[in-house]
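Here is how the chains run, residue by residue.
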Amino acid sequence: MDIIIFLVLLSVGYVFGRLAESRHFNSIREREARYQKILCFSERLPPPGPPADTVLVSGSAVIAVDYFKMIAASLRNLIGGRVHAFETLVERARREAILRMKEDAIRRGASLIVNVKLETASITKGRKQQAHCVEVYAYGTAMVPAEKV
Amino acid sequence: MSYQNPQIPDGVNYSQDHPLKDFFLMLLVVAGSTAALVALLFMLSGYLVSFIPFSTEVALADSLVFAEDNTEGGDVNQAHLPEQKYLQQLAAQLAVAQQLPDDMSITVHYVDDDTVNAFATLGGHIYMHRGLLEKLPHENALAMVMAHEIAHIKHRDPIIAAGRGFTIILALGSILGMGNSDFSQQIVSHTTSLTSLAFSRDQEQQADAEAADTLMQHYGHLSGSAALFEILQQESPVELPEFLSSHPVTNERLQRLNELSRLQSGAVTPLPTALFGVSSQ
């Protein structure tokens, strides 16, 4: 009986997980094309340009792991090697966080972000510390062109 | 310094392999190696455990549980002395027919409750419940059950099963340890139990075969020996699939027995009346 429940959860996790993942990736690609013109730099100092005000902009994304990914990752923990299941997860979270940061910059009227940094955290559940969700936080300094007085 | 703003190439940070293919490959590796390891450990421990002398097994059994079933004069069993005596007598006869080694002794315990079950445990103790005994129509059927359990003891099945269980828990515990993830432990434990059920079915089949031989030896024919399986089929018409169960499918056991009994037949011996509250048919 346990085996049946396990298999049902596995298939539900797989189907819905794959669906959510492909929809999310499509949305990410579309928005990346749209926000192409917002420039992001990891350098601390901005390139020379017109005078600008600085403001902190940030974006964060939390993506949850589905049941299928958890099983695949735990098997991978036994054998070793690249955890394919989590690679797409972290990729989605990272790109989504950067896009949200760009959206924040657009709202403030900036088109240049410098000193972009990323921080990743895993939100774990329970004593066994299994990763439940992954959170990526992207932040940087946006250069808002100063108003000509 | 001049900058460029290229389109970042997609799919660099993750693999294009289909996740299901990846998953099934890993499952195959893990389940396959678990099954192989468990089978190896089972075979080895089964072989080694049978070297434990029977006297040690009896001592172990006595020290474990069976305090209230003291056949020498516990109050519980006084009420069922005739049943106890009859069963013990039958067991003694069947043990001779089965050529049980001299150092092994059988102690039969009659349990007065409705459970439809009989089983053999460590130290040569056989427990038969009233629920099963009431359903058996004649002595041949009872003898089949009894001979099956005696065969388990002759083959040292109880201590082999205990030894195997202990070995596996020890081995998997040391390999998996506290486990960094609970899910792979589930997969490993499911594989382990499926493998151990296969070994258990093998033991049951051998006990069935030995029991049939014993009945042939004792009665000279196999009539009535299939009664148990017919009763089991009536009791639970829908069964678990074979790979999930510790006994072979009842139909198969029936068929094997029928093949053996096609050769001879004879008159069945009735049970002594007024025992087990049953009317002999």
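Residues numbered from 1 in each chain as written. Chains lettered and ligands numbered in written order. Predicted model: local features only at pLDDT ≥ 70, side-chain atom pairs only at ≥ 80, totals over all residues. Heavy atoms only, no water.

*Asks:* Looking at this structure, I do not really get the overall build of chain A. What am I missing?
*Replies:* When helices and strands are counted, chain A shows three helices and four strands. Helices and strands appear in chain A in the N-to-C order α-β-β-α-α-β-β. Against the globule reference of 15 Å for 149 residues, chain A gives a C-alpha radius of gyration of 19 Å, more extended than a compact globule. Across its three principal axes, chain A shows a C-alpha extent of roughly 75 × 30 × 25 Å. With 149 residues in all, chain A has 40% of them scored as buried. Considering only contacts in chain A between residues 6 or more positions apart, those separated by 24 or more positions represent 79%. About 8500 Å² of surface is accessible on chain A, with carbon and sulfur atoms providing 58% of the total. The positive charge centre, built from 22 side chains, and the negative charge centre, built from 15, are 3 Å apart in chain A. (Helix = DSSP H or I, 4+ residues; strand = E, 2+ residues; numbered from the N terminus. Rg over C-alpha atoms; globule rule 2.2 N^0.38 Å. Buried < 20%, exposed > 50% of the residue type's maximum accessible area, 1.4 Å probe, protein only. Contact = heavy atoms within 4.5 Å. Areas by Shrake-Rupley, 256 points an atom, 1.4 Å probe, with all protein chains shown as cover. Lys, Arg positive; Asp, Glu negative; His and termini not counted. Charge placed at Lys NZ, Arg CZ, Asp CG, Glu CD.)

*Asks:* Explain the overall build of chain B to me, please; I cannot follow it from the model alone.
*Replies:* A count of helices and strands for chain B gives 10 helices and three strands. Tracing chain B from N to C terminus, the helices and strands come up as α-α-α-α-β-β-β-α-α-α-α-α-α. Buried residues in chain B amount to 44% of all 281 residues. A separation threshold of at least 6 residues defines the contact pool for chain B, and within that pool the share at least 24 residues apart is 72%.

*Asks:* How should a nonpolar patch on the surface be read in this particular structure?
*Replies:* All names here are of chain A. Together, Met1, Ile4, Ile5, Val8, Leu9, Val12, Val15, Phe16 and Leu19 make up an exposed nonpolar region whose accessible area comes to about 880 Å². When you line up the elements, leucine 19 lands in helix α1 (residues 2-34). Taking the relative accessible area as the measure of exposure, leucine 19 reaches 46% and is therefore partly exposed. (Patch = residues over 30% accessible without salt bridge, like charges linked within 9 Å, V, L, I, M, F, W, Y side chains within 5 Å. Salt bridge = Lys/Arg side-chain N within 4 Å of Asp/Glu carboxyl O.)

*Asks:* Sorry, what's going on with the interface of chain B and chain A here?
*Replies:* The extent of an interface is frequently quoted as the accessible surface area lost upon association of the parts. On the side of chain A, 34 residues touch chain B, which itself brings 30 residues to the contact. Summed over both sides, the interface of chain B with chain A buries roughly 3000 Å², with 64% coming from carbon and sulfur. Salt-bridge contacts for arginine 95 of chain A lead to aspartate 10 of chain B; the nearest nitrogen and oxygen are separated by 2.7 Å. Where the side of chain B that touches chain A is concerned, the elements lending two or more residues are α1 (19-49) and α8 (182-219) of chain B. (Buried area = accessible area lost by both parts, 1.4 Å probe.)

*Asks:* Would you explain the side chain of glutamate 21 of chain A in this entry?
*Replies:* Residue and element names in this part refer to chain A. Residue position: glutamate 21 is located in helix α1. Assessed through its relative accessible area of 7%, glutamate 21 is described here as buried. Those residues within four positions of glutamate 21 in sequence are excluded, and the remaining contacts are Lys69, Thr88 and Arg92.

*Asks:* I keep staring at the sheet that holds strand β3 (residues 125-129) of chain B and nothing clicks. Help me out?
*Replies:* By way of backbone hydrogen bonds, the strands of a sheet pair with one another, either parallel or antiparallel. Residue and element names in this part refer to chain B. With mixed pairing, three strands are arranged side by side in an open sheet as β1-β3-β2. Among the strands making up the open sheet, the edge pair consists of β1 (107-111) and β2 (118-121). Each adjacent strand pair in this sheet contributes to an overall mean axis angle of 20°, direction not counted. The strands that helix α4 (residues 81-98) touches are β1 and β3; relative to β1, the one it contacts most, it runs at about 145°. (Pairing = 2+ DSSP bridges. Axes fitted to C-alpha atoms, helices over the stretch in contact; angles between N-to-C directions.)

*Asks:* How do you make sense of unusual backbone geometry when you look at a structure like this?
*Replies:* A negative phi angle is the norm for most residues apart from glycine, just as the trans form is the norm for most peptide bonds. Of note in the backbone geometry, asparagine 115 of chain A takes a positive phi value of approximately 55° without being a glycine. For asparagine 115 of chain A, the location among the structural elements is in strand β3 (residues 112-125). Residue classification places asparagine 115 of chain A among the buried positions, given a relative accessible area of 19%. In this structure, arginine 156 of chain B takes a positive phi of about 60° despite not being glycine. Summarising the element assignment, arginine 156 of chain B is placed in the loop between α6 (139-154) and α7 (157-176).

*Asks:* I tried to follow helix α2 (residues 67-79) of chain A on my own but got confused; where do I start?
*Replies:* One full turn of an α-helix is made of 3.6 residues, so residues set three or four places apart face in the same direction. Residues and elements named next belong to chain A. An ideal rise of 1.5 Å per residue puts 18 Å on 13 residues; α2 measures up with 19 Å between its terminal C-alpha atoms. Burial runs high along α2: 10 of the 13 residues are buried. Listing the buried residues of α2 in full gives Tyr67, Phe68, Lys69, Met70, Ile71, Ala72, Ala73, Ser74, Leu75 and Arg76. Regarding α2, its N-cap is aspartate 66, as a side-chain oxygen of that residue lies 3.2 Å from the backbone nitrogen of phenylalanine 68 further along. Looking one or two residues past α2, glycine 80 carries a phi angle of roughly 95°, positive in sign. (Expected span 1.5 Å × (residues − 1). Polar contact = N/O pair within 3.5 Å; in protein donor to acceptor, adjacent residues only side chain to side chain.)

*Asks:* Please explain the packing of aromatic side chains as it appears in this structure.
*Replies:* Each aromatic ring pair is summarised here by two numbers: the centre-to-centre distance and the angle between the ring planes. The tally for this structure, following the rule as stated, stands at nine aromatic pairs over all chains. Ring centres 4.9 Å apart and planes at 55° place the aromatic pair phenylalanine 68 of chain A and phenylalanine 23 of chain B in the tilted group. Linking phenylalanine 68 of chain A in helix α2 with phenylalanine 23 of chain B in helix α1, this pair reaches from one chain into another. When its relative accessible area of 3% is taken as the criterion, phenylalanine 23 of chain B is described as buried. (Phe/Tyr/Trp six-rings, centres within 6.5 Å; stacked < 30°, edge-to-face > 60°.)

*Asks:* Would you mind going over the confidence of the model for chain A with me for this structure?
*Replies:* Residues of chain A with pLDDT of at least 70 account for 95%, and the chain-wide mean is 90. At the level of individual helices and strands, chain A shows its lowest average pLDDT in α2 of chain A, which scores 86, and its highest in strand β2 (residues 52-64) of chain A, which scores 95. (pLDDT = per-residue confidence, 0-100.)

*Asks:* Mind showing me how you'd approach the packing of helix α9 (residues 227-235) of chain B against helix α10 (residues 250-261) of chain B here?
*Replies:* Each pair of packed helices gets described by two things: the angle between the helix axes and the distance between those axes. All names here are of chain B. Remark: α9 packs on α10, axes separated minimally by 9 Å, with the N-to-C direction vectors making an angle of 160°. By the angle between their axes, α9 is roughly antiparallel relative to α10. Relative to α10, α9 is oriented so that their crossing is left-handed. Of α10, the residues touching α9 (which contributes Phe229, Glu230, Leu232 and Gln233) are Thr250, Asn251, Arg253, Leu254 and Leu257. For the contact of α9 with α10, the class distribution of residues is four nonpolar, three polar and two charged. (Parallel < 35°, antiparallel > 145°, perpendicular 65-115°, else oblique. Left-handed = near helix turned anticlockwise from the far one by under 90°. Nonpolar A, V, L, I, M, F, W, Y, C, P; charged D, E, K, R; others polar.)

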